[in-house]
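This is what each chain is made of:
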Amino acid sequence: MTAQVLKSLHATRAQELRRRLREARENLGITQIDLANRLAKPQSFVSKFETGERRLDVVEYLEVCEAMTLDALELLRGI
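Residues numbered from 1 in each chain as written. Predicted model: local features only at pLDDT ≥ 70, side-chain atom pairs only at ≥ 80, totals over all residues. Heavy atoms only, no water.

### A look at the overall build of the protein
Alright, step 1. The helix and strand inventory of the protein stands at five helices and zero strands.
Alright, step 2. In the protein, the succession of α and β elements from N to C terminus is α-α-α-α-α.
Alright, step 3. Residue burial in the protein is summarised as follows: out of 79 residues, 28% are buried.
Alright, step 4. Within the protein, residue pairs in contact and separated by at least 24 positions form 56% of the contacts whose partners lie at least 6 positions apart.
Alright, step 5. Carbon and sulfur atoms make up 53% of the accessible area of the protein, which amounts to about 5400 Å² in all. (Helix = DSSP H or I, 4+ residues; strand = E, 2+ residues; numbered from the N terminus. Buried < 20%, exposed > 50% of the residue type's maximum accessible area, 1.4 Å probe, protein only. Contact = heavy atoms within 4.5 Å. Areas by Shrake-Rupley, 256 points an atom, 1.4 Å probe, with all protein chains shown as cover.)

### Concerning the nonpolar core
Alright, step 1. Counting 15 residues, the largest nonpolar core has Leu21, Leu35, Leu39, Val46, Phe49 and Val64 as its most contacted members.
Alright, step 2. Secondary structure elements with two or more residues in this core: helix H2 (32–39), helix H3 (43–51), helix H4 (58–67) and helix H5 (72–76).
Alright, step 3. If one sorts the elements of this core by residue count, H4 sits on top with four residues.
Alright, step 4. Residues within four places of Leu35 in sequence aside, it is in contact with Arg25, Ile30, Val46, Phe49, Val64, Ala67 and Met68. (Core = buried A, V, L, I, M, F, W, Y, C linked by side-chain atoms within 4.5 Å.)

### Remarks on the packing of aromatic side chains
Alright, step 1. Inspection of the entire model under this criterion finds one aromatic pair.
Alright, step 2. With centroids separated by 5.5 Å and ring planes inclined at 70°, the aromatic side chains of Phe45 and Phe49 adopt a geometry described as edge-to-face. One end of the pair, Phe45, and the other, Phe49, are both in helix H3, four residues apart, so they sit about a helical turn from each other.
Alright, step 3. Judged by its relative accessible area of 10%, Phe45 falls in the buried class.
Alright, step 4. Assessed through its relative accessible area of 3%, Phe49 is described here as buried.
Alright, step 5. Stacked on the ring of Phe45, the Lys or Arg Lys41 has its end atom at 5.0 Å from the ring centre. (Phe/Tyr/Trp six-rings, centres within 6.5 Å; stacked < 30°, edge-to-face > 60°. Lys NZ or Arg CZ within 6 Å of the ring centre and 35° of its normal.)

In structure tokens form, the structure reads like this:
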């Protein structure tokens, strides 16, 4: 695969993960502020990873899932 194809694939996967995290938060009735408080982070932290301005590392991803009582592996299935 070319670098461009890999970059495009990665972008699609990243977008899908962001969409799933945002939808899970919204379906639980949790605001960005609520989630940020659970994580002891500023609201901008949640906003930035939901919009793709910043990425979550693996540990942060697990913490976000735990804060919303989500199954981290299930959320990743199919991406």
